[in-house]
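# Per-entry structural report
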Amino acid sequence: MLDLLNGFVAELRQSGLPVSLTEHLDAAEAVHHVPLEDREALKYALAATLVKSSSHWRAFETAFEIYFAPRLHAPESGAGGGGEEEPGGEPGPAGTAQRGEGSGGGGSGLTPEELAALLYRALFTGDPGLVTMVARQAVTRYAGMEPGRPVGGTYYLYRTLRNLDLDGVFEELMAAARASTPAGKGLTPLEERLAADEYRVRIDQLRRAVEQEIRRRLVEDRGAGALARSVRKPLPEDVDMMHASREELDALQRALHPLSRKLAVRLTRKRRSGRRGPLDFRATIRRSLSTGGVPVEPRYRHPRPAKPEIFVIADVSGSVASFARFTLHLVYAISSQFSKVRSFVFVDGIDEVTRFFDGVEDPADAVHRINTEADVIWVDGHSDYGHALSVFHQRWGDQVTSRTSVLLLGDARNNYHASEAWVVEELQRKARHVYWLNPEPRDYWSSGDSIIGEYAVHCDAVVECRSLRQLERFVGDLV
Amino acid sequence: MSPQGESPRGEEAAGSAVAPPGAPPAALGLPEAGPARFASVGEVRSGLAGVGYLADEGISGVVFLADRLSKPVLVEGPAGTGKTQLAKSVAELTGSRLIRLQCYEGLDESKALYEWNYRKQLLRIQAGQLATGGPAAEPALTAAAGDGRGVSWKELEEDIFSEDFLLTRPLLEAIRAQEPVVLLIDEVDRVELETEALLLEILSEFQVSIPELGTVRARQLPLVFLTSNNTRELSEALKRRCLFLHIDYPDLERERDIVRAKIPGITEELADQVARIVRSLRTLELRKAPSVSETLDWARTLVLLGIESIDAAQARDTLHILLKYQTDIERAAKELLSAEA
């Protein structure tokens, strides 16, 4: 057990979770107090001692599934129970016999039709035992798992789910729900929606059961350590924004809002507890009366730090599409926390979009309006930094003052147009700071049509900004 | 229990819990752990259910571990999911006194730990001066004053920095208490990062060091709950000392059970509908998803209105109880209740 725990903690550290030695010891002690055969209890004991942030929960869960995969005998009782409830007498035990092989792939006790019927029943009743059993059968039948193949679970998962045709089953279930209403008058929109949500949750359960079953078999085949390496996923704050999946992007956006709040808190705190202002001569003299005219205790003026004025100029072209979406959300978050933020977006034309963020409560709404209404296309809709920047200079250049911080966001892939780097030079001369955030890895900079190097010489800093963590660090340094 | 009120003393002898500053610590390590409060996770769960808190496996498991490992629990999660209520319920279950420290920005040592009652100290000094001048001098004090100038400085210092002049605040109160207590440190993310350090000693060693007095050790190990709304990242040092419990919105079955337990007279069908609608609402992208307490408010309203089975129009009319932003209400109405959804 201790060895297993050591391996598990090592795996968590590999995934980026900060697990300290004390926490490891705590976990070891906690394990003593829970019944080992109770997998759920073990999970919560380990989670409470090892995971200290809710955003790390997913990584923990994945690792836990692998290292403490359910042993064969335990879930089988569940599956058997599900089988007994079958009035049609589906051969549950027959499935069990070959389940023991672990590799599957061969002929199954169930024909595809029977399996489909069983799947429908499982989803219709939502019985967890039945769902687990269907997941097992489906993996045996469809995944085609071969021992020793060094692929991750995703491939098998895809194969299994494709064969199960869950969308079709969902439609069937909905149709059944509609037909089952009295008098056949169909569902009201509310009922329809509730039924749909209910079935979606059940299908999701099934999907997780299938995933878990595939993992369990992979662990049997290749061992926990090897598998853990291949399914490891980055933590939300380390996800690369340029290549994030849809799900990861959603997680990023959820993480973004607290980030902006944190920044605002840090900023006000910094202002409040900041340096003392200059000597307040009058107050010092007034104060000295109580000590007989000797200025024992000097008084200072309250500091009045200038409110930061931020100009955000963001590339929203296709090459940085996912980054741009993320950027716009960031701009929204910033503008809701700082008083003076002006935002501009460009592709080859440039437009001010500050107005879209004003008084908008929903960032998605603002982003949608920007994508549809902002006038950012000049000729062909391919990035032209040079043109966009010179137009910016022409129209808004004189509004950049010594209190302004300019934030440029983009990959500086200019499609071999003129760079017009003098605009950035001009900006740097006038503004307090010019920063450039580049969503590309540093290694790719200035390769191909990227001309970040030409702009970089005129910026106070050019920062690689591919993950939330990097972004957080940058903004933290900024305020 | 007001933190301002002085704790009852008299039978609390100063010697038993307080080691003088110079003396070597009597015993290293934690104070004797009392008998375990719970026998099993199941007992925690059924016990909590008995006092009206429906915990899931995870919550009751962590509470059980907190007792066994003598560790504080850091509870995190969205607002209105019963973080504070958990501490209250555990206190009720174990028959302990609940001591609550509400955190806020600017909270400091004198509000959280202890403070010297300097008015009383001043009075004591003045009384001493009077005693040396007047004939009605306190015999104990004048006897000690060898040089006729009243009490010596050293004695006076020892006297005014004794426990009689100490005002206990919630944290000190919790570890000085004789009876079992549950300490709730609410919204710990509101204090500044530096103030967090105040908590570290009490959380890991269950003791408080007072420079003038020495170290006060806990006489019993309190169960400690810290809650956080995650408005900022807590320090590693604090997290390391705690068990972490994330309370999320409950799943469908649990929410339904909560509704039925908390609202007498609700029909099973309505409770089920309420829980399902709330679950669907939470899948929408809302500014503020409905919390458990809002679910309960809504269910209560529906019961008061005499509704037994909810339809779209009724849902629309009462949606403002569940959702607090106009945009959210509009979106929910559009997604859930309109015909083309």
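Residues numbered from 1 in each chain as written. Chains lettered and ligands numbered in written order. Predicted model: local features only at pLDDT ≥ 70, side-chain atom pairs only at ≥ 80, totals over all residues.

## Thoughts on the overall build of chain B
Heads up, the condition is: The numbering of helices and of strands both runs from the N terminus, where a helix is a DSSP run of H or I of at least 4 residues and a strand a run of E of at least 2. In this scheme the burial state of a residue depends on its C-beta neighbours within 10 Å: 20 or more other such atoms mean buried, 12 or fewer mean exposed, and anything in between means partly exposed; the C-beta positions come from the backbone. In this description, a residue-residue contact is defined by the distance between C-beta atoms placed from the backbone, which must lie within 7 Å.
The helix and strand tally for chain B stands at 16 helices and ten strands. A total of 341 residues make up chain B; the buried ones form 36% of that total. Here the contacts in chain B between residues at least 6 apart in sequence split such that 75% fall between residues at least 24 apart.

## Digging into the interface of chain B and chain A
What counts is decided by this rule: Three classes are used: nonpolar for Ala, Val, Leu, Ile, Met, Phe, Trp, Tyr, Cys and Pro, charged for Asp, Glu, Lys and Arg, and polar for all others, with Gly counted as polar.
The interface of chain B with chain A comprises 35 residues on the first partner and 31 residues on the second. Only helix H3 (57-69), helix H11 (236-240), strand E10 (243-246), helix H13 (268-283), helix H15 (312-322) and helix H16 (326-337) of chain B provide two or more residues apiece to the side of chain B that touches chain A. For the side of chain B that touches chain A, the element with the most residues is H3(B), which contributes seven residues. Its residues assigned to classes, the side of chain B that touches chain A shows 15 nonpolar, nine polar and eleven charged.

## Observations regarding the sheet that holds strand E1 (residues 309-315) of chain A
All names here are of chain A. Which entries qualify depends on this criterion: Criterion used throughout: strands pair if DSSP finds at least two bridges between them. Here the axes come from fitting lines to C-alpha atoms, over the contacting stretch only for helices, and the angles between their N-to-C directions go from 0 to 180 degrees.
A sheet is described by the order of its strands in space; here six strands give the open sequence E3-E2-E1-E4-E5-E6, paired in mixed fashion. Where the open sheet ends on each side, the last strands, each with one partner, are strand E3 (350-352) and strand E6 (461-464). With strand direction ignored, the average angle separating the axes of adjacent strands in the sheet is 20°. Pairing geometry for E1 and strand E2 (residues 340-346), over seven bridges, is parallel. Of the residues in E2, the one forming a bridge with Glu309 is Lys340.

## A few points about H13(B)
Convention followed: Here, expected helix span is obtained from the residue count minus one, scaled by 1.5 Å.
In a regular helix each residue adds 1.5 Å, so 16 residues correspond to 22 Å; H13(B) covers 23 Å between its end C-alpha atoms and thus fits that length. Of all the positions in H13(B), only Leu270(B), Ala271(B), Gln273(B), Val274(B), Ala275(B), Arg276(B), Ile277(B), Val278(B), Arg279(B), Ser280(B) and Leu281(B) are classed as buried.

## Some words on the sheet that holds strand E2 (residues 73-76) of chain B
Residue and element names in this part refer to chain B. Spatial ordering of the open sheet is given by E3-E6-E9-E2-E10, a layout of five strands whose pairing is parallel. For this open sheet the edge positions go to strand E3 (97-102) and E10, each flanked by a neighbour on one side alone. The mean inter-strand angle of the sheet, taken between neighbouring strand axes irrespective of direction, is 20°. With four bridges joining them, E2 and strand E9 (residues 223-228) adopt parallel strand pairing. In the sheet register, Leu74 faces E9, and the bridge partner there is Leu226. Helix H4 (residues 83-94) contacts E2, E3, strand E6 (181-186) and E9 of the sheet and is inclined by roughly 170° relative to E6.

## Regarding H4(B)
Residues and elements named next belong to chain B. Spanning twelve residues, H4 covers 17 Å between terminal C-alpha atoms, matching the ideal 16 Å at 1.5 Å per step. The complete set of buried residues in H4 reads Lys83, Leu86, Ala87, Ser89, Val90, Ala91 and Leu93. Of the surrounding elements, those touching the buried residues of H4 are helix H2 (41-50), H3, E2, E3, E6 and E9. Immediately beyond the C-terminal end of H4, within one or two residues, lies Gly95, with a positive phi of roughly 65°.

## Considering the confidence of the model for chain B
Residues shown with low pLDDT carry predicted positions that ought not to be read at fine detail. Residue and element names in this part refer to chain B. Our working definition: You can read pLDDT as the predictor saying how much it trusts each residue, on a scale of 0 to 100.
Summing up the model confidence of chain B, the mean pLDDT is 79 and the portion of residues at 70 or higher is 82%. When the elements of chain B are averaged for pLDDT, helix H1 (residues 14-17) gives the smallest value, 40, and E6 the largest, 92. Contacts for the low-pLDDT stretch residues 1-29, under 50 throughout, to residues beyond four places or in other chains number 26 contacts. Between residues 135-148, whose pLDDT stays under 50, and residues either more than four places distant or in other chains, the model counts 16 contacts. Interface scoring of the predicted complex returns ipTM 0.74; its pTM is 0.69.

## Examining the packing of helix H1 (residues 2-14) of chain A against helix H4 (residues 57-67) of chain A
All names here are of chain A. To be explicit about the condition: An angle counts as roughly parallel when it lies under 35 degrees, as roughly antiparallel when it exceeds 145, as roughly perpendicular when it falls between 65 and 115, and as oblique in every other case. Note on convention: the crossing is left-handed when the near helix lies turned anticlockwise from the far helix by less than a right angle, right-handed when the turn is clockwise.
As a packed pair, H1 and H4 sit with axes 10 Å apart at the nearest point and diverge in direction by 150°. Relative to H4, H1 is oriented roughly antiparallel. For the pair H1 and H4, the crossing hand works out as right-handed. Where H1 approaches H4, its residues Leu4, Gly7, Phe8, Glu11 and Leu12 are matched on the opposing element by Phe60, Ala63 and Tyr67. Its residues assigned to classes, the contact of H1 with H4 shows six nonpolar, one polar and one charged.

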